[in-house]
Amino acid sequence: MSTPHLREQWQTLAASLTLRTRAFIDGRHVDAVSGATFDCVSPIDGRVLAQVADCGQLDIDHAVAAARRSFQSGHWSNLKPSRRKHVLLRLAALVEQHADELALLETLDMGKPVGEARNVDIAGVIRCIQWTAEAVDKLYGEVAPTGSNELGLITREPLGVVGAIVPWNFPLLMAAWKIAPALAAGNSVVLKPSEKSPLSALRFAELVAEAGLPEGVFNVVPGNGKGAGEPLALHMDVDGLVFTGSTAVGKRLLQCAGLSNMKRAYMECGGKSPNLVFADAPNLDKAAEAAASGIFYNQGEVCTAASRLLVERSIKDEFVARVIEHGRHMQPRHPFEPDAPMGALVDEAQAARVLAYIEEGTAEGARLLLGGKRAEVVAGGCYIEPTVFDEVSPQQRIAREEIFGPVLSVIAFDGESQALQLANDSEYGLAAGVWTRDISRAHRVARGLRAGSVWVNQWDGGDMSAPFGGYKQSGNGRDKSLHAFDKYTEMKATWINLAD
Ligand code: NAD
């Protein structure tokens, strides 16, 4: 069947879905040992979709033991990289074959427009697995520069068992950024998806098995942060811990690594990314469109959301008017609608959090120019209008904290050095944008920005070839690109005496 285009077609497909709700451990779907489950609620309309296994310590122990057994067996970890590549390419093909179903699971679970789930999330999962698989049999070790009496080999080996804890905003894509390089490098993986979006990972696990990965190499343990996440982070037999999520939880996980076995720990965390628009931007309308989609895309639930718009004072009013014009057309609609610009926020708690920030922004004196309210799209659903605040003080919470919703804070600046000072005045450093036609300024400002990704005259550039990650409290380590392999391998020096 070709990809559905109409709301009714997605609805028909949704009605025919069988949801996977049990954990996936050692090649099998299993209930939580305790028998506990949690409700998986769709933010589209508040409907309970399923009861999903609520894993705890014992389930984590089983999953880690299965991962360890599979790793020790060498069936995957010792396989030639070119063989692992073939299996992973088969997995990418299976994801492609089931792309509509996986996209629909993302939308049902966390509310994003299904077109984006299909064309961004799942398309990104496929590209990530393909790219990483293609890379893994082209990675060479090194030979140290020695005299003729010895040989120094520098090789990379898999860590062993990797625990991956991921968020709900791009559920399978964030997981793929971890899983693909971890598996390609020969590790075994225990994945804990967010309790707000477990469905795609549980279906994906079946595709992993179908692709031919040996039992125990890939396990999925749904559950909440305290019950399932912490036991994984504290586990003495987990060698590496990789995480995408909030800075607060990332900090806790670094503690867990230190409190347990000093497992390698890499955290991709939050952001409050500045988008700097100078008066000499090459195309103000394009910049305004990007400023709007940079904050409203995915309902603003994006780690790199362009949530702080810094505009040169001389063009501020004109530019903000253009942003509002674009933003006005990005109202939330039913996520099954073709081309819906926004869907539902992930749940009631997130909607309440975003509305509380909006209320506070108004109370603290920022000027509300657009939106600011719940949108009535579907009864029982979690929808919020695209919202723009002007005249935000850099000290206000809406200028400093990650809202993770469709709320833009506009701040005016005078000149380059103030722009940089405002941009870097943040505990975060994930991404930043610069709009100028002056090439020297573009380089100067890009160099001055304390952020892991800088986009010049665009927002959200890059592909699998570029590393992605944060400065400061946006995290450590990098996803994507060949640098991702650093997180999933140990470096070994073998020094051989050739003298006798
Ligand atoms: P979150 O930190 O609340 O949860 C992320 C994951 O951690 C979930 O699986 C959750 O169950 C688990 N968790 C929560 N508490 C835990 C604990 N004490 N021990 C172990 N695990 C625990 O984040 P979220 O609300 O799911 O996602 C939103 C956050 O993710 C935002 O801050 C966003 O910026 C960030 N994010 C970052 C990136 C990036 O690449 N830097 C990408 C996407 C999202």
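Residues numbered from 1 in each chain as written. Predicted model: local features only at pLDDT ≥ 70, side-chain atom pairs only at ≥ 80, totals over all residues. Heavy atoms only, no water.

## Section: the pattern of salt bridges
All chains considered together, the criterion is met by 40 salt bridges. A salt bridge links Glu134 to Lys138, with the nearest nitrogen and oxygen atoms 3.6 Å apart. On the basis of relative accessibility, which here comes to 35%, the residue Glu134 falls in the partly exposed class. Between Glu385 and Lys373 there is a salt bridge, with its nearest N and O atoms 3.4 Å apart. Here Glu385, found in the loop between strand E14 (367-370) and strand E15 (387-390), pairs with Lys373, found in the loop between E14 and E15; they are 12 residues apart in sequence, far enough to count as distant. In the salt-bridge network here, residues are joined through shared partners; they are Arg20, Glu101, Arg203 and Glu206. (Salt bridge = Lys/Arg side-chain N within 4 Å of Asp/Glu carboxyl O. Buried < 20%, exposed > 50% of the residue type's maximum accessible area, 1.4 Å probe, protein only. Helix = DSSP H or I, 4+ residues; strand = E, 2+ residues; numbered from the N terminus.)

## Considering the site of the ligand
The ligand sits among 27 residues. The nearest are Val166, Glu195, Ser246, Cys269 and Glu402. One of the backbone nitrogen or oxygen atoms of Val166 is found 2.8 Å away from an oxygen atom of the ligand. Taking Gly245, its main chain carries an N or O atom lying 3.4 Å from an oxygen atom of the ligand. Look at the ligand: alone it shows 850 Å² of surface, and the protein chains cover 90% of it. At the level of elements, helix H8 (225-234), strand E10 (240-244) and helix H9 (247-259) are the ones that each hand at least two residues to the shell around the ligand. Here the shell around the ligand gets three residues from one element, more than from any other, and that element is H8. Residue composition of the shell around the ligand, by class: 14 nonpolar, eight polar and five charged. Both domain 1 (20-140 + 152-269) and domain 2 (274-456) contribute no fewer than three residues apiece to the shell around the ligand. (Near = heavy atom within 4 Å. Polar contact = N/O pair within 3.5 Å; in protein donor to acceptor, adjacent residues only side chain to side chain. Areas by Shrake-Rupley, 256 points an atom, 1.4 Å probe, with all protein chains shown as cover. Nonpolar A, V, L, I, M, F, W, Y, C, P; charged D, E, K, R; others polar. Domains from an automatic or database assignment.)

## Some thoughts on the UniProt feature "active site" (unreviewed entry) in the protein chain
Within this structure's numbering, the places UniProt gives as "active site" (unreviewed entry) are Glu268. Following the sequence through the fold, Glu268 ends up in strand E11 (residues 264-268). A residue is classified by how much of its surface remains accessible, and Glu268, at 3% relative accessible area, is buried. (UniProt positions renumbered as here; feature names shortened; annotations may be inferred.)

## Topic: the UniProt feature "domain: Aldehyde dehydrogenase" (unreviewed entry) in the protein chain
Look at the UniProt record and you will see "domain: Aldehyde dehydrogenase" (unreviewed entry) annotated at residues 33-493. Segment residues 33-493 splits into 40% helix and 19% strand. End C-alpha atoms: 42 Å apart.

## Side note on the sheet that holds strand E19 (residues 453-456)
Spatial strand order, E14-E15-E16-E13-E12-E18-E19: seven strands in an open sheet with mixed pairing. On the outer flanks of this sheet lie E14 and E19, each paired with one strand and no other. The mean inter-strand angle of the sheet, taken between neighbouring strand axes irrespective of direction, is 20°. Taken together, the three bridges between E15 and strand E16 (residues 407-413) define a ladder with parallel strand orientation. Considered in E16, the bridge of Val388 is made with Leu408. This element, helix H12 (residues 348-363), spans E15 and E16 of the sheet and lies at about 25° to E15. (Pairing = 2+ DSSP bridges. Axes fitted to C-alpha atoms, helices over the stretch in contact; angles between N-to-C directions. Contact = heavy atoms within 4.5 Å.)

## What about the packing of helix H10 (residues 284-296) against helix H11 (residues 316-328)?
H11 packs onto H10 with a crossing angle of 55° between their chain directions and a minimal axis gap of 8 Å. Judged by the angle between their axes, H10 and H11 are oblique. Classified by chirality, the crossing of H11 by H10 is right-handed. Contacts from Leu284, Asp285, Ala287, Ala288, Glu289, Ala291, Ala292 and Phe296 in H10 reach Glu318, Phe319, Arg322, Val323, His326 and Gly327 in H11. Looking at the contact of H10 with H11 residue by residue, the classes come out as eight nonpolar, two polar and four charged. (Parallel < 35°, antiparallel > 145°, perpendicular 65-115°, else oblique. Left-handed = near helix turned anticlockwise from the far one by under 90°.)

## Details of the environment of Leu151
By the secondary structure assignment, Leu151 is in strand E6 (residues 150-158). Accessibility expressed as a relative area gives 29% for Leu151, which makes it partly exposed. Along the backbone, Leu151 and Thr494 are 343 residues apart, and their C-alpha atoms lie at a distance of 8.0 Å. If we ignore the near neighbours within four places in the chain, the residues touching Leu151 are Val143, Thr146, Thr494, Trp495, Ile496 and Leu498.

## Looking at the pairing of E11
Taken residue by residue, a regular strand's side chains alternate between the two faces of the sheet. Bridging between E10 and E11 involves five bridges; their strand directions are parallel. Bridge pairing links Phe243 to Met267 in E11. With respect to chirality, the unit in which E10 leads through H9 into the neighbouring parallel E11 is right-handed. (Right-handed = clockwise from strand over helix to strand, strands pointing away.)

## Quick word on the domain arrangement of the protein chain
Each assigned domain of the protein chain is listed with its residue range as follows: domain 1 (20-140 + 152-269) and domain 2 (274-456). Each of domain 1 and domain 2 has a C-alpha centre, and these two points are 31 Å apart. Contacts between the two partners involve 21 residues from domain 1, matched on the other side by 27 residues from domain 2. Between domain 1 and domain 2, the buried area comes to about 1,800 Å², and carbon and sulfur atoms account for 58% of it. For Asp347, the salt bridge identified is with Lys196, shortest N-O distance 3.2 Å. At the boundary of domain 1 and domain 2, one finds nine residue pairs in polar contact (both at pLDDT 80 or more). Contributing elements (two or more residues each) for the side of domain 1 that touches domain 2: helix H4 (99-110) and helix H5 (114-136). Class assignment of the residues belonging to the side of domain 1 that touches domain 2 gives a composition of 11 nonpolar, five polar and five charged. (Buried area = accessible area lost by both parts, 1.4 Å probe.)

## Some points on the packing of H5 against helix H6 (residues 171-184)
Each pair of packed helices can be summarised by the angle the axes make with each other and by the distance between the axes. Two numbers describe how H5 lies on H6: the axes approach to 9 Å, and their chain directions differ by 10°. On the basis of their axis angle, the class for H5 and H6 is roughly parallel. Taken together, the residues of H6 that come into contact with H5 (itself represented by Val120, Asp121, Ile122, Gly124, Val125, Cys128, Ile129, Thr132 and Val136) are Pro171, Leu172, Leu173, Ala176, Trp177, Ala180, Pro181 and Ala184. The residue makeup of the contact of H5 with H6, split by class, is 14 nonpolar, two polar and one charged.

## Some remarks on the sheet that holds E6
If you trace the three strands from one edge of the open sheet to the other, you get E5-E6-E21, paired in antiparallel fashion. This sheet does not close on itself; its edge strands, each paired only once, are strand E5 (142-143) and strand E21 (489-497).

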